[in-house]
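Fold and geometry: a report
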Amino acid sequence: MIVGVPRESYPGERRVALAPVVIPSLAKAGLEVVVEAGAGVEGGFPDAEYAAKGAKILTERAEVFRVADIVIQVLCYGANDRTGKADVPFLRRGQVLIGFLRPLGSLETIREIAATGVTSFSIELMPRTTRAQSMDALSSMATMSGYKAVLIAADTLPKIFPMLTTAAGTLTPARVLVIGAGVAGLQAIATARRLGAVVSAYDLRPASKEQVQSLGGRFVELPIEAKDAQDAGGYAKAQDEDFYRRQRELLGKVVGESDVVITAAVVPGKKSPVLVTREMVSGMAPGSVIVDLAAERGGNCELTKAGEKTVEHGVTIIGLFNLASTVPYHASQMYARNITSFLLPMIKEGKLQLNLEDEIVHSTLVTQGGEVVNSRIREFFSLPPLVAEQKETK
Ligand code: NAD
């Protein structure tokens, strides 16, 4: 079987779905790899490096799709709403597509993918189980984003992060507040600590307290308790507006005392809660910085402009998207390892064998045979259950 790796086409995207390092393990499983010319260049992987590992380089994008039994992308159509549509005519029945599809984004898009007959897997739908941990590309990308958010904040802040005792006096350390201590938030805490900042963090999931503290952060305790803070999958549950209002009231003081606020509080499939208001921003010292990692889903800060860097009340608010793409070498390497860990168990004697009983396969499979087959997606978009599912539940 042939695995095809097209060049990422989303404007400014620098990652590649497959770093050369994983090619030998794919070859061992009997898979050949074809790569669109230049696909890895931005990530620091020239064509020659792929060729040296045994991959074939093809100059035509359409040819990569034509020969591939399995196509691997970072941003497939769905997650790529700018240029992804151009790939749809290349997809075909029985072919496999793996990547980010933003499955809860647009039903129309998911239906267009389904109509090609392609068997598509959305990496966003990976279950949060121990077995699937090595396949969890969302977490890998969140790690990259959390790291980079701190570097951007440090670069923008007119202060340095560490405490310095010098002949010219003592410089006090920067105070960094992280709101939302998931994977991205935790990496932001670790990175800010490495740079010498004093770090506080808050999350509504009580379980996060210990993780924050283990990284050397101070956990901000608020005298409010979230109802059912997390679902069975470990994701935060949406709270009512009353809860968010109380949160904002209580967070105001901590935000005002911070030089840098990094927000990474998201609720899957929902608009991100607004936790930092205009009033809270105006209470921050001029020169302070907010990096809003939830910008793509509406933002945790009321003043965030999606995809932009703005200054309001003297505070720089950064709502740039896709920070993982700005560290393309390691982001691609992690992504490639996640995808390889996902793909290899499905290959038996060089052939793809889908075991729909397997929770990982079942959860991530989005379209097959012309249908949107994923029950979570069908439920989300209020589509009736498929006949087979109805039978199953009887
Ligand atoms: P996420 O990206 O879904 O959300 C980011 C964080 O925002 C979460 O910690 C969430 O609790 C928090 N949040 C949401 N609303 C908030 C609010 N109103 N106020 C404050 N915080 C709010 O989260 P994530 O990065 O996917 O991680 C969530 C948890 O799941 C972490 O503990 C992580 O370690 C764990 N995890 C487990 C696995 C696995 O077991 N395979 C995989 C990934 C993550």
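Nothing here was measured: the structure is a model prediction, and the numbers come from that model.

Things to note about helix 10 (residues 328-343)
Across its 16 residues, helix 10 extends 21 Å between first and last C-alpha, which sits within 8% of the 22 Å expected from 1.5 Å per residue. Among all positions in helix 10, only Pro 328, Ala 331, Ser 332, Gln 333, Tyr 335, Ala 336, Asn 338, Ile 339, Thr 340, Phe 342 and Leu 343 are buried.

Examining the domain arrangement of the chain
As a measure of interface size, the accessible area lost when the parts come together is often cited. Along its sequence, the chain is organised into domain 1 (2-136 + 327-393) and domain 2 (144-321). Relative to domain 2, the C-alpha centre of domain 1 lies at a distance of 32 Å. On the domain 2 side, the residues contacting the eight residues of domain 1 number eight residues. Across the interface of domain 1 and domain 2, roughly 690 Å² is buried in total on both sides, 61% from carbon and sulfur atoms. Linking domain 1 with domain 2 are one salt bridge, by the criterion used here. Here Arg 102 makes a salt bridge to Glu 296, at a shortest N to O gap of 3.3 Å. In this structure, the connection of domain 1 to domain 2 is made through one residue pair in polar contact (both at pLDDT 80 or more). Residue classes in the side of domain 1 that touches domain 2 are distributed as five nonpolar, one polar and two charged.

Overview of the pattern of salt bridges
Any two side chains of opposite charge can pair, so long as their charged atoms come close to each other. For the coordinates displayed, the defined rule picks out 20 salt bridges. Between Arg 14 and Glu 42 there is a salt bridge; the shortest N-O distance is 3.2 Å. Pair noted here: Arg 14 is in the loop between strand 1 (2-5) and helix 1 (23-28) and Glu 42 is in the loop between strand 2 (32-36) and helix 2 (47-52), with a separation of 28 residues, a long-range link. Of the residues examined, Arg 14 reaches a relative accessible area of 32% and is grouped as partly exposed. Glu 42 sits in the partly exposed class, given a relative accessible area of 42%. The partner of Asp 87 in a salt bridge is Arg 61, with the nearest N and O atoms 2.9 Å apart.

Quick notes on the sheet that holds strand 2
Across the sheet, eight strands lie side by side as 3-2-1-4-5-6-18-19; this open sheet has mixed pairing. Both outer strands of the open sheet, strand 3 (56-58) and strand 19 (371-372), are each paired with one neighbouring strand and no more. In this structure, strand 18 (residues 365-368) lies alongside strand 19, joined through two bridges in antiparallel fashion. Its bridge partner lying in strand 19, Gln 368 is registered against Glu 371.

Regarding the sheet that holds strand 10 (residues 198-202)
A sheet is described by the order of its strands in space; here seven strands give the open sequence 11-10-9-12-13-15-14, paired in mixed fashion. Every other strand in the sheet has two partners, leaving strand 11 (218-219) and strand 14 (309-312) as the edge strands with one partner each. Sheet analysis places strand 14 next to strand 15 (residues 315-318), joined by four bridges and oriented antiparallel. Bridge pairing in strand 15 places Thr 310 opposite Ile 317.

Points about the packing of aromatic side chains
Here the structure, examined in full by the defined rule, presents six aromatic pairs. Aromatic pair Phe 45 and Tyr 329: ring centres 4.7 Å apart, planes at 25°, arrangement stacked. In this pair, Phe 45 sits in the loop between strand 2 and helix 2 while Tyr 329 sits in helix 10, placing the two residues 284 residues apart along the sequence. Judged by relative accessible area, which is 2%, Phe 45 ranks as buried. Residues Phe 100 and Tyr 335 carry aromatic rings whose centres are separated by 5.5 Å and whose planes lie at 45° to one another, so their mutual orientation is tilted. Of this pair, Phe 100 sits in strand 5 (residues 96-100) while Tyr 335 sits in helix 10, placing them 235 residues apart in sequence. When the ring centre of Tyr 10 is taken as reference, the NZ or CZ atom of Arg 82 above it lies at 5.6 Å.

Some details on the site of the ligand
In the vicinity of the ligand there are 24 residues, among which Arg 128, Val 183, Asp 203, Arg 205 and Gln 247 approach most closely. Between the ligand and Val 183 there is a distance of 2.6 Å, counted from an oxygen atom to a backbone nitrogen or oxygen. The side chain of Arg 205 places a nitrogen or oxygen atom 2.8 Å from an oxygen atom of the ligand. Coverage of the ligand by the protein chains reaches 86% of its 830 Å² of free accessible surface. Of the residues in the shell around the ligand, the class split is twelve nonpolar, eight polar and four charged. Both domains that meet at the shell around the ligand, namely domain 1 (2-136 + 327-393) and domain 2 (144-321), each give it at least three residues.

Cut-offs and rules
- Residues numbered from 1 in each chain as written.
- Predicted model: local features only at pLDDT ≥ 70, side-chain atom pairs only at ≥ 80, totals over all residues.
- Heavy atoms only, no water.
- Helix = DSSP H or I, 4+ residues; strand = E, 2+ residues; numbered from the N terminus.
- Expected span 1.5 Å × (residues − 1).
- Buried < 20%, exposed > 50% of the residue type's maximum accessible area, 1.4 Å probe, protein only.
- Domains from an automatic or database assignment.
- Contact = heavy atoms within 4.5 Å.
- Buried area = accessible area lost by both parts, 1.4 Å probe.
- Salt bridge = Lys/Arg side-chain N within 4 Å of Asp/Glu carboxyl O.
- Polar contact = N/O pair within 3.5 Å; in protein donor to acceptor, adjacent residues only side chain to side chain.
- Nonpolar A, V, L, I, M, F, W, Y, C, P; charged D, E, K, R; others polar.
- Pairing = 2+ DSSP bridges.
- Phe/Tyr/Trp six-rings, centres within 6.5 Å; stacked < 30°, edge-to-face > 60°.
- Lys NZ or Arg CZ within 6 Å of the ring centre and 35° of its normal.
- Near = heavy atom within 4 Å.
- Areas by Shrake-Rupley, 256 points an atom, 1.4 Å probe, with all protein chains shown as cover.

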